[in-house]
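Descriptive structure summary
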Amino acid sequence: MPGIDRRSALLGTLALGIGGVAAGQTAPPAVPARQMPGPADPRETIDLWPGGAPGMPGAPPVETVDERSKDARFADRAVHGITRPRLVVFRPERPNGTAVLLFPGGGYRWVVVDKEGYEMGRWLAARGYTAFVLFYRLPGEGWAAGPDVALADAQRAMRVVRSRAGDFGIRPDRVVAMGFSAGGHLCGDLATRFDVPAYAAVDAADRLSARPDGAALLYAVQSMTLPVAHPGSRTQLLGAQASPALERAHSPARNVTVRTPPCFLLHAEDDASVPVENTLEMRAALRAAGVVAETHLFPEGGHGFGLRLAAGKPVAVWPELFRHWAEARGLA
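Okay, so let's go over this structure. (Residues numbered from 1 in each chain as written. Predicted model: local features only at pLDDT ≥ 70, side-chain atom pairs only at ≥ 80, totals over all residues. Heavy atoms only, no water.)

A separate point is the sheet that holds strand E3 (residues 77–80). Sheet architecture is open: three strands sit in the order E2-E3-E6, paired in antiparallel fashion. Of all the strands in the sheet, the pair left with one neighbour each is strand E2 (64–67) and strand E6 (111–112). Judged from the four bridges that link them, E2 and E3 form a sheet pairing that is antiparallel. Residue pairing across strands places threonine 64 opposite histidine 80, the latter belonging to E3. (Pairing = 2+ DSSP bridges. Helix = DSSP H or I, 4+ residues; strand = E, 2+ residues; numbered from the N terminus.)

Our next topic: the sheet that holds strand E5 (residues 99–103). Across the sheet, which stays open at both edges, the eight strands sit in the order E1-E4-E7-E5-E8-E9-E10-E11 with mixed pairing between neighbours. A strand with exactly one partner marks an edge of an open sheet, and here the two such strands are strand E1 (45–47) and strand E11 (293–298). Between one strand axis and the next, the sheet turns by 20 degrees as a mean value, whatever way the strands run. Relative to E11, strand E10 (residues 263–268) is paired through six bridges, and the arrangement is parallel. From the neighbouring strand, alanine 268 faces E11, where its bridge partner is phenylalanine 298. Helix-sheet contacts for helix H8 (residues 277–289) involve strand E9 (214–218), E10 and E11, and the interaxial angle to E10 is about 155 degrees. (Axes fitted to C-alpha atoms, helices over the stretch in contact; angles between N-to-C directions. Contact = heavy atoms within 4.5 Å.)

What the rule picks out here adds up to one cavity of 30 Å³ or more. The volume enclosed by the largest cavity comes to roughly 30 Å³. What lines the largest cavity is Asp47, Leu48, Trp49, Gly52, Ala53, Thr83, Arg84 and Pro85. For the lining of the largest cavity, the per-class residue count stands at four nonpolar, two polar and two charged. (1 Å grid on protein atoms, 1.4 Å probe; cavity = no way out; pocket = protein on both sides within 12 Å on 5 of 7 lines; lining within 4 Å. Points joined across faces, edges and corners; volume = space filled by probe spheres on them. Nonpolar A, V, L, I, M, F, W, Y, C, P; charged D, E, K, R; others polar.)

Moving on, we come to the state of the cysteines. In the structure shown here, the tally under the stated rule is zero disulfides. In this structure cysteine 187 is a free cysteine whose sulfur lies 7.4 Å from that of cysteine 263, the closest cysteine sulfur available. Overall, the relative accessible area of 0% leaves cysteine 187 in the buried class. (Disulfide = S-S within 2.5 Å. Buried < 20%, exposed > 50% of the residue type's maximum accessible area, 1.4 Å probe, protein only.)

The next point concerns the pattern of salt bridges. Evaluation of the coordinates by the stated rule reveals 21 salt bridges. Between arginine 127 and glutamate 320 there is a salt bridge whose closest N-O contact spans 3.9 Å. Remark: glutamate 320 occurs in helix H9 (residues 318–328) and arginine 127 occurs in the loop between helix H2 (114–125) and strand E7 (130–135); sequence separation between them is 193 residues. Residue classification places arginine 127 among the partly exposed residues on the basis of a relative accessible area of 30%. Look at glutamate 320 and you get partly exposed, because its relative accessible area is 27%. Between arginine 156 and aspartate 206 there is a salt bridge, with the nearest N and O atoms lying 3.1 Å from each other. (Salt bridge = Lys/Arg side-chain N within 4 Å of Asp/Glu carboxyl O.)

Moving on: the environment of tyrosine 118. One can find tyrosine 118 in helix H2. With 16 residues separating them along the chain, tyrosine 118 and leucine 102 place their C-alpha atoms 9.0 Å apart.

This part covers the packing of helix H3 (residues 149–163) against helix H5 (residues 182–193). Between H3 and H5, whose axes approach to 10 Å, the crossing angle comes to 65 degrees. Accordingly, the angle class assigned to the pair H3 and H5 is roughly perpendicular. The way H3 lies across H5 gives a crossing that is right-handed. Each of Ala150, Leu151, Ala154, Gln155 and Met158 in H3 lies in contact with H5, whose residues at this interface are Leu186, Asp189, Leu190 and Arg193. In terms of residue class, the contact of H3 with H5 is made up of six nonpolar, one polar and two charged. (Parallel < 35°, antiparallel > 145°, perpendicular 65-115°, else oblique. Left-handed = near helix turned anticlockwise from the far one by under 90°.)

Listed below in structure tokens is the structure:
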């Protein structure tokens, strides 16, 4: 893709498609637009924090998009410096009453919005689910909440979606969280620490529960203890010198309770980035607590396959496995 500044391309078409016209959305930095491959970006967004995100750093980061794709057929945008956390909405033609809140991965360095966000959002919407992709704040960018900053956005997002269930034709008791890689850590954190007061209430939506009705954890980081932990995610979240107590506090597999929602777990055993032991530890913790969990392990698939990179491999069946799980649990 000649002509792309992959290190500092500020929003480009992503900005024009998301923030340019959405109500309440701050206008992004203006840069020359370029034509992105594939379907147009959705234009409906929901800002999470009506008065601005809490705990802003003294030197606020600048929202930036790096286009990493080397394949002209696909976009692969990684966003960092997020100061306006928001949901990007994928509305189905015929809502089935279920919402799926998507947490893309990115090692807590950035949020990978195409491969683990928009592509899944389109797949879900085509099958009746109302999907919301979360642009969450990153813990290494100086926010006052530190390692709980992304959890604060996830809790707030669940409550905002429930508060607007009537607007989207969804049921407030059918809101599922789905996370990939480090986004899977955030999903697991939400599933196990949904009632931790990660922020001060700002409006009536915060009286609603942040507990997801189901959680799908896909090649997810679940441990913050080396060598099982993904080193990059651990450093970004907790710092290089995290104590064992801090590791335990932020390892979802250590925080499972009987109130953790039913979980769908998926991992490839040849994952060289996030060891499959993360999912095995989470499965063991769920079973010990009596929480229903469905687990799928594939011998091949690697890491970060999402939809696109799973094509042609046995692991490509995973979205249908998720859909059958959701239906069996009464979540679709």
